[in-house]
Amino acid sequence: MAIDGMAGTGKSTLARALASRLGLTFLDTGATYRAIALVAMEARADLSDGEAVVDAWRGHVLGISAGRLTIDGEDREEAIRTASVSESASRIAVHPQVRKMLAEWQRGFVEAHGGAVAEGRDIGTVVLPEAGLKVFLVARDEVRSSRRGEVTAAELAKRDIRDATRRADPVRAAEDAVVLDTSEREVGELVGELAGIYWLTVGGEG
Ligand code: DC
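Please read these numbers as outputs of a predicted model, since none were measured by experiment. (Residues numbered from 1 in each chain as written. Predicted model: local features only at pLDDT ≥ 70, side-chain atom pairs only at ≥ 80, totals over all residues. Heavy atoms only, no water.)

## Re the pattern of salt bridges
- In total, this model carries 21 salt bridges according to the counting rule given.
- Across the pair K134 and D176 runs a salt bridge whose closest N-O atoms are separated by 3.2 Å. Remark: D176 occurs in the loop between helix 8 (153–165) and strand 8 (178–181) and K134 occurs in strand 7 (residues 134–138); sequence separation between them is 42 residues. (Salt bridge = Lys/Arg side-chain N within 4 Å of Asp/Glu carboxyl O. Helix = DSSP H or I, 4+ residues; strand = E, 2+ residues; numbered from the N terminus.)

## Structural notes on unusual backbone geometry
- Backbone geometry at R44 places phi at a positive 55°, although glycine is not the residue there.
- Tracing the sequence through the fold places R44 in the loop between helix 2 (29–42) and helix 3 (50–57).
- When its relative accessible area of 76% is taken as the criterion, R44 is described as exposed.
- Unlike most non-glycine residues, D169 shows phi in positive territory, near 50°.
- Along the chain, D169 turns up in the loop between helix 8 and strand 8.
- On the basis of relative accessibility, which here comes to 23%, the residue D169 falls in the partly exposed class. (Buried < 20%, exposed > 50% of the residue type's maximum accessible area, 1.4 Å probe, protein only.)

## Regarding the sheet that holds strand 2 (residues 25–28)
- Spatially, 2-6-1-7-8 is the arrangement adopted by the 5 strands of the open sheet, whose pairing is parallel. The open sheet terminates on both sides in strands that have one partner only, identified here as strand 2 and strand 8. Averaged over all pairs of adjacent strands, the angle between their axes in this sheet comes to 20°, without regard to strand direction.
- Bridge count between strand 7 and strand 8: 4 bridges; the pairing is parallel. Paired with V138 across the bridge in strand 8 is D181.
- In the packing of helix 2 onto the sheet, contacts are made with strand 2 and strand 6 (116–120), and the angle to strand 2 comes to roughly 45°. (Pairing = 2+ DSSP bridges. Axes fitted to C-alpha atoms, helices over the stretch in contact; angles between N-to-C directions. Contact = heavy atoms within 4.5 Å.)

Spelled out as structure tokens, the structure:
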């Protein structure tokens, strides 16, 4: 299942809860962009240069273990959640080389787990275009920025524009996605609704 949307639309909360309800693995693909950004920052690579970012990553191994992101087997879950890594992740996510490398890793992860609830920006359009159920979440700007406490509304707006207007895989709803506004909705209610749609449309198929 693919769940896409901008920052603060509730993707992670919803995807995690749905995965647990459906007995599927949860994949936060934003964490994988954050991992590349962290390593590139630590290597002092030029984040505006896609080749330099891929070079800085070369030789490292990405993992997700018990829902926590690892780099070379080391738990880096906390390190990738800072505001500066968040900003850098949006910057390195514009590079097609980075996106290609991560999309391959993400598909491999989903296959290895026999399916997953994957959330991100391009899951329904690029990573898993054959997903049985695609969901695109939206929410009002003020709701999104209050959910993303670590960034100001202005920073969030800047990142939104970068994520939605980049040439490589911009954030957009797949044509066959179910579009849901989460501004006024409870997580439990949305999980129930999507789990229902999942069983009706996909059944046990993935
Ligand atoms: O969801 P997040 O805030 O952890 O994502 C961090 C950045 O990574 C975000 O600015 C957009 C980018 N991203 C992406 O381009 N494609 C994805 N599938 C997931 C995240």
